[in-house]
Amino acid sequence: MNTLKYLQSNEFLLDVDLWRLFANLEELNKISHSFLKTFFETVKEHVSKSDSPMDFSSILRKFFQGDLCQTHQIYCLNYTSAVFYLENLRQREDFGIYLKWCEQNEQCKRLHLPELLVAPLHRLTRYPLLLDNIWKRSADETEKSFIWSLKEKVEKSIWDLEGKVKWLDNFQKFRQLQEVIIWPQVWDRDKRFFVPEMCLILEVAIPYNNHTIKLIFLFSSSESTRLLDAYLFLFDDLLLITKIKRNKKKYGGSDTSLIPVCPSLTPELQSFIREGGFCTVLDQPIPLDRLILKNVDPIHVTVFSLRNAFLIQHENRYRQCIAVFLLQAQTETAKKTWMSQIETAISNYTAHHETKKSTFCFPAESSEI
C-alpha cells in the first residue's frame, strides 16, 4: 500500500483506487497495533511486579467495545470486492510490474497479495480464542463473567459478518452473471425441434395430460440433429438452462483476456467469460417446485447410447408437463453430482416454503365482522 502511494505521488498508477484495494487498512493497522501494545504492556507490568494484578477488563472493554471489531468489519465487508478488483488490475502490465516487485520483498515471506489481504479476516476469527484463554485463566468471578459476555458478543458479531460477506460475494457473482446471460426476445425463440424416435419411447414414462412435449436439450431445430453445448445455473429457487455462445470479438476495443471476472465463479466459467462468451437462455427458467428429475433407465443407455444422461421435466401450476430436457453430462460422476445437487436444492426449497407456510398467521378478525 505504501509503495502504491509513493508511485501515485510520482504520477504512476493514478487510476488505481487505493480504497477499493486496501479499504481502511491504515486505521485497522493502527488500532490493532495499539491493542497489541497495550495488551503486552499489562503482561510485562505483571511479570516485573509480582504483586501487580493482571487487569485485562479495562483493556478488553476499551478495544472490543470500541473500534477494534468495527474496523475489522469495515475491512472484511470490502474484501470480496477488493479481490475482484485485484483480479481485474492484475491483467495490466504496469500494475503487474508493481505487484511483482512488492511480492519479492522478504517481508512478504513469499506470500502473494491475495494471501495477505485475507489476513485481517483470519485475525478477527482468532479473537474469541484469545478471550476464551483469558477467561480460563481469570481468577476473579466478576471479570470472568464480563469476559465471557464479551466473547459471546464478538462471536455473534463474527457470525453476522460472515452472513454479510457471503451476501456480498453472491452479489458479485449475480452481477457478473447478469452480464453473461442473454434473454432472447419472444420472436427469436425457435419452436421447431427435432424429436428422435428414441424419445418417443421415453415419453411413455412421463405423464403429460395430452399436452405437447418439447424435447429441446441436445436436439436443435429440425434443420439439424447436432448436439448443443449448454451451461446450467442452479439457484436457490430455480434452474436456468442456457446455450453456450463463444465470442472471440474484442471486449470494449481491447483484448478479451482483460475482462474482469469474479474470482469465486468456477474456473471453467471464468475461462469462458474471459473468452468473451455468453449464455443464451433456452426456454423459460424452471422453478424448483415445478421441476421433476428423472434418471435415464439402463436399457435406454444401452440401446440408444445415452451415457451419463438424465431428464428434467418442467410442469406448470396445473401439473401439466410443458417441457422436457434430456441432459447428457461429460462423466457419470458429473451426472450424479448434478442430480444430487438438484435434489438437495429442491428439498431445501420445499422445506423453506413449508416452514414459511406453517409460521404464517392470519390477522385476528375484527369484532365488528
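Predicted model only: the values in this text are computed from it and were never measured.

### Remarks on the overall build of the protein
Phase 1: A count of helices and strands for the protein gives 13 helices and eight strands.
Phase 2: When the 369 residues of the protein are sorted by exposure, 39% land in the buried category.
Phase 3: Contacts in the protein between residues at least 24 apart in sequence constitute 66% of all its contacts with a sequence separation of at least 6.
Phase 4: When the accessible surface of the protein is totalled, it reaches about 23,500 Å², and 54% of it is carbon and sulfur.

### Some words on the sheet that holds strand S6 (residues 291–295)
Phase 1: In spatial order, the strands read S6-S7-S8; together these three strands make up an open sheet with antiparallel pairing. Single-partner strands in this sheet number two, and they are S6 and strand S8 (321–328). The sheet shows a mean angle of 20° between the axes of neighbouring strands, taken without regard to direction.
Phase 2: Looking at chain direction, strand S7 (residues 309–315) and S8 are connected through seven bridges and run antiparallel. Residue pairing across strands places Glu-315 opposite Cys-321, the latter belonging to S8.

### Let's talk about the packing of aromatic side chains
Within a pair of aromatic rings, the relevant descriptors are the distance that separates the centres and the angle that separates the planes.
Phase 1: The final tally for this structure, using the stated rule, is eleven aromatic pairs.
Phase 2: For the ring pair Phe-35 and Phe-64, a centre distance of 5.5 Å and an interplane angle of 80° mean the geometry is edge-to-face. Of this pair, Phe-35 sits in helix H3 (residues 25–48) while Phe-64 is found in helix H4 (residues 57–64), placing the two residues 29 residues apart along the sequence.
Phase 3: Ring centres of Phe-95 and Tyr-98 lie 5.2 Å apart, and the angle between their planes is 65°; on these two criteria the pair is classed as edge-to-face. Within this pair, Phe-95 and its partner Tyr-98 are both found in helix H6 (residues 93–103), separated by three residues, close to a single helical turn.

### So, the pairing of strand S4 (residues 278–281)
Phase 1: When strand S1 (residues 181–182) meets S4, the two strands line up parallel, connected through two bridges. Within S4, the residue paired with Ile-181 across the bridge is Cys-279.
Phase 2: Relative to S4, strand S3 (residues 238–245) runs antiparallel, the two sharing four bridges. Note that in S4 the partner of Lys-245 across the bridge is Phe-278.

### So, the pairing of S7
Phase 1: Most of S7 sits inside the fold, with seven of its seven residues counted as buried.
Phase 2: Where burial is concerned, the two faces of S7 agree: the one with Ala-309, Leu-311, Gln-313 and Glu-315 and the one with Phe-310, Ile-312 and His-314 are both buried.
Phase 3: Sheet topology note: the S6/S7 ladder contains five bridges and is antiparallel. Paired with Ile-292 across the strands is Gln-313, a residue of S7.
Phase 4: What sits between the antiparallel neighbours S7 and S8 is a turn of five residues, in which Arg-319 has the positive phi angle 65°.

### Considerations on the confidence of the model for the protein
Phase 1: The predicted model of the protein has a mean per-residue pLDDT of 80, with 79% of residues at 70 or higher.
Phase 2: Every residue in residues 200–225 scores below 50 in pLDDT, and together they form 80 contacts with partners more than four places removed in sequence or on other chains.

### Some details on the packing of H3 against helix H8 (residues 119–137)
For any two helices packed against each other, the geometry is given by the interaxial angle and the distance between the axes.
Phase 1: Here H3 crosses H8 at 25°, and the two axes come no closer than 13 Å. Overall, the two elements H3 and H8 adopt an arrangement that is roughly parallel. Handedness of the H3/H8 crossing: left-handed. Taking contact as the criterion, the partners of Leu-28, Ser-32, Phe-35 and Phe-39 in H3 are, on H8, Pro-120, Tyr-127, Leu-130 and Ile-134.
Phase 2: Of the residues that constitute the contact of H3 with H8, the class distribution is seven nonpolar, one polar and no charged.

### Examining the side chain of Lys-335
Phase 1: Relative to the assigned elements, Lys-335 resides in helix H13 (residues 332–359).
Phase 2: Take Lys-335: its relative accessible area is 6%, and that puts it in the buried class.
Phase 3: Polar side-chain contacts of Lys-335 include one of 3.3 Å to the backbone oxygen of Ala-309.
Phase 4: Ignoring anything within four residues of it in the chain, the contact list for Lys-335 reads Asn-295, Asn-308, Ala-309, Phe-310 and Ala-329.

### Quick look at the nonpolar core
Phase 1: Counting residues in each nonpolar core, the largest one holds 43 residues, and the members touching the most others are Leu-21, Phe-35, Leu-60, Phe-64, Phe-95 and Tyr-98.
Phase 2: Going through the elements one at a time, helix H2 (18–22), H3, H4, helix H5 (68–89), H6, helix H7 (113–117), H8 and helix H9 (141–180) are the ones with two or more residues in this core.
Phase 3: When residues in this core are grouped by element, the largest group, nine residues, is from H5.
Phase 4: Here Leu-21 is in contact with Leu-4, Ala-82, Tyr-85, Leu-86, Leu-89, Phe-95 and Leu-117, once residues within four sequence places are set aside.
Phase 5: Grouped together as the second largest cluster of nonpolar side chains are 18 residues, Leu-282, Leu-291, Ile-312 and Ile-346 included.

About the criteria used
Residues numbered from 1 in each chain as written. Predicted model: local features only at pLDDT ≥ 70, side-chain atom pairs only at ≥ 80, totals over all residues. Heavy atoms only, no water. Helix = DSSP H or I, 4+ residues; strand = E, 2+ residues; numbered from the N terminus. Buried < 20%, exposed > 50% of the residue type's maximum accessible area, 1.4 Å probe, protein only. Contact = heavy atoms within 4.5 Å. Areas by Shrake-Rupley, 256 points an atom, 1.4 Å probe, with all protein chains shown as cover. Pairing = 2+ DSSP bridges. Axes fitted to C-alpha atoms, helices over the stretch in contact; angles between N-to-C directions. Phe/Tyr/Trp six-rings, centres within 6.5 Å; stacked < 30°, edge-to-face > 60°. pLDDT = per-residue confidence, 0-100. Parallel < 35°, antiparallel > 145°, perpendicular 65-115°, else oblique. Left-handed = near helix turned anticlockwise from the far one by under 90°. Nonpolar A, V, L, I, M, F, W, Y, C, P; charged D, E, K, R; others polar. Polar contact = N/O pair within 3.5 Å; in protein donor to acceptor, adjacent residues only side chain to side chain. Core = buried A, V, L, I, M, F, W, Y, C linked by side-chain atoms within 4.5 Å.

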